[in-house]
Amino acid sequence: MTGPQRTDPPAATASRRLNTGIIVGGGLVALAVLAALVSLVWTPHDPLPVVAADRLLTPGDGYLLGTDPYGRDVLSLLMYGARISLLVGVVAVAMAVVIGVPVGVCAGMNGGRVDQLLMRINDVALAFPALLLAIVLGAVFGAGVGTAMIALGIGAAPSFARVSRSGTLQVMSREYVTAARAAGRGGLFVAVRHVLPNISGLVIVQSSVAFAIAVLSEAALSYLGFGTTPPTPSWGRMLQESQSYLASAPHLVVWPGLAIALTVLGLNLFGDGLRDHLDPRMEAGR
């Protein structure tokens, strides 16, 4: 007869699945980060000069991933493009956190008319897509990485405000917050001492989602001509420059598309795993 089988508690099961998501997702993101960091000091070839004699070489002809229509090494362009994509994501998420989190915390802590006013303004801003805002700003002030960062950061801020408000409302109903207020502690003390530490997990998870969206949006903007400007390479611009060579040089589309897909997938897996780690009940319920 077989003995009783061991049943792991839901929290342990959630932890195992979480570790898989964080390890796989973090590994994919780490590859992009490593490529960006290495490109600061070394690339197989200089990614900027045009070499007409090496146009559209296939992978293996002296170049590991081939060359583009201008004779530039595709691997070097991918490494340099990782730097641009990650920089846009970091700056956009940082701007969104700085703008959105204080708005959400202020709305959740004050409630009443202040909450209603801030959230109605936030809803209006949320209805305006960040990608459209970036295109408008690019048309007015000129396309470039800086314009894309500002537009994507402003566009992501309303999502952080909503998440922060939701978390703040939960924290404000706790007994220790009531005790702090009864002791005469001011709103700033309560926000810094109690609210922000307790909603930091929500903000971190939202940051991973916003980071993935920023990477995709930067690629879309560069593809449309509103992101990076020549000769600065990026993954989206590589897709744009290779669209006329789909039949003769399909590798030009495969590599940047794969880089974007794996980076975004890694960020999403990492965010999902982190969310389950911060609240194992979500995974247990699932």
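Predicted model, so just to flag it, every value in this text is computed and none were measured.

Caption draft 1: Main features of the overall build of the protein. A tally of regular secondary structure across the protein gives ten helices and zero strands. Each of the three principal axes of the protein carries a C-alpha extent, and together these read 75 × 75 × 30 Å. Scored against the burial criterion, the 286 residues of the protein give a buried share of 42%. Considering only contacts in the protein between residues 6 or more positions apart, those separated by 24 or more positions represent 69%. With the model as given, the accessible surface of the protein reaches about 14800 Å², and the carbon-plus-sulfur share is 67%. Looking at charge distribution, the protein has the averaged site of its 18 positive side-chain charges lying 14 Å from that of its 15 negative ones.

Caption draft 2: Summary view of empty space enclosed by the protein. Enumeration over the complete set of coordinates arrives at one cavity of 30 Å³ or more. Roughly 50 Å³ of volume is contained in the largest cavity. Per-element accounting of the lining of the largest cavity gives the leading share, three residues, to helix α8 (residues 235-242). Split by residue class, the lining of the largest cavity holds four nonpolar, one polar and three charged.

Caption draft 3: Fine view of the pattern of salt bridges. Overall, the coordinates contain six salt bridges when judged by the stated rule. The partner of E241 in a salt bridge is R72, and the shortest N-O contact between them spans 2.9 Å. Here E241 is found in helix α8, whereas its partner R72 is found in the loop between α1 (10-39) and α2 (74-110), with 169 residues between them in sequence. Here E241 and R72 have matching classes, each one buried.

Caption draft 4: Broad picture of the nonpolar core. Of all hydrophobic cores here, the largest spans 38 residues; its most connected members are F160 and V195. Secondary-structure elements contributing two or more residues to this core are α1, α2, α5 (145-172), α6 (175-182), α7 (187-224), α8 and α9 (251-278). The residues touching V195, leaving out its near neighbours within four places in the chain, are V105, M109, T168, V171, M172 and V190. By size, the runner-up hydrophobic cluster in this structure holds eight residues, among which are Y80, V88, A130 and M149.

Caption draft 5: Geometry of the packing of aromatic side chains. Tallying each qualifying case throughout the model produces zero aromatic pairs. In this structure, R83 packs its charged tip against the face of Y80, placed 4.2 Å from the ring centre. In this arrangement the basic side chain of R185 is found over the ring face of F189, its NZ or CZ atom lying 4.6 Å from the centre.

Caption draft 6: Region of the structure containing the UniProt feature "transmembrane region" (unreviewed entry) in the protein. With numbering matched to this structure, UniProt assigns "transmembrane region" (unreviewed entry) to residues 21-42, 84-109, 130-156, 203-226 and 246-271. The span residues 130-156 carries 89% helix and 0% strand; its end-to-end C-alpha distance comes to 7 Å. End C-alpha atoms of residues 203-226 are separated by 29 Å, and the span's content is 92% helix alongside 0% strand.

Caption draft 7: Seen up close, unusual backbone geometry. Backbone torsion omega between P230 and P231 reads 5°, so that peptide bond is classified as cis. Here P231 shows up in the loop between α7 and α8. With a phi close to 55°, L56 is a non-glycine residue in the positive phi region. Its location among the elements puts L56 in the loop between α1 and α2. Exposure remark for L56: the relative accessible area of 24% places this residue in the partly exposed category.

Caption draft 8: Highlighting the environment of G60. Relative to the elements of secondary structure, G60 occurs in the loop between α1 and α2. As for G60 and Q206, which are separated by 146 residues in sequence, their C-alpha atoms are 41 Å apart.

Caption draft 9: Molecular detail of the packing of α2 against helix α3 (residues 112-126). Here α2 crosses α3 at 150°, and the two axes come no closer than 7 Å. By the angle between their axes, α2 is roughly antiparallel relative to α3. Viewed along their axes, α2 and α3 form a crossing whose handedness is left-handed. Together, V103, C106, A107 and N110 of α2 and G112, V114, D115, L118 and M119 of α3 make up the contact between the two elements.

Caption draft 10: Representation of the packing of α5 against α7. Two elements in contact, α5 and α7, have axes whose closest approach is 8 Å; the angle formed by their N-to-C orientations is 150°. Considering the angle they form, α5 stands roughly antiparallel to α7. The crossing of α5 and α7 is right-handed. Across the contact of α5 with α7, the residue classes tally to 14 nonpolar, nine polar and one charged.

Conventions and cut-offs
Residues numbered from 1 in each chain as written. Predicted model: local features only at pLDDT ≥ 70, side-chain atom pairs only at ≥ 80, totals over all residues. Heavy atoms only, no water. Helix = DSSP H or I, 4+ residues; strand = E, 2+ residues; numbered from the N terminus. Buried < 20%, exposed > 50% of the residue type's maximum accessible area, 1.4 Å probe, protein only. Contact = heavy atoms within 4.5 Å. Areas by Shrake-Rupley, 256 points an atom, 1.4 Å probe, with all protein chains shown as cover. Lys, Arg positive; Asp, Glu negative; His and termini not counted. Charge placed at Lys NZ, Arg CZ, Asp CG, Glu CD. 1 Å grid on protein atoms, 1.4 Å probe; cavity = no way out; pocket = protein on both sides within 12 Å on 5 of 7 lines; lining within 4 Å. Points joined across faces, edges and corners; volume = space filled by probe spheres on them. Nonpolar A, V, L, I, M, F, W, Y, C, P; charged D, E, K, R; others polar. Salt bridge = Lys/Arg side-chain N within 4 Å of Asp/Glu carboxyl O. Core = buried A, V, L, I, M, F, W, Y, C linked by side-chain atoms within 4.5 Å. Phe/Tyr/Trp six-rings, centres within 6.5 Å; stacked < 30°, edge-to-face > 60°. Lys NZ or Arg CZ within 6 Å of the ring centre and 35° of its normal. UniProt positions renumbered as here; feature names shortened; annotations may be inferred. Axes fitted to C-alpha atoms, helices over the stretch in contact; angles between N-to-C directions. Parallel < 35°, antiparallel > 145°, perpendicular 65-115°, else oblique. Left-handed = near helix turned anticlockwise from the far one by under 90°.

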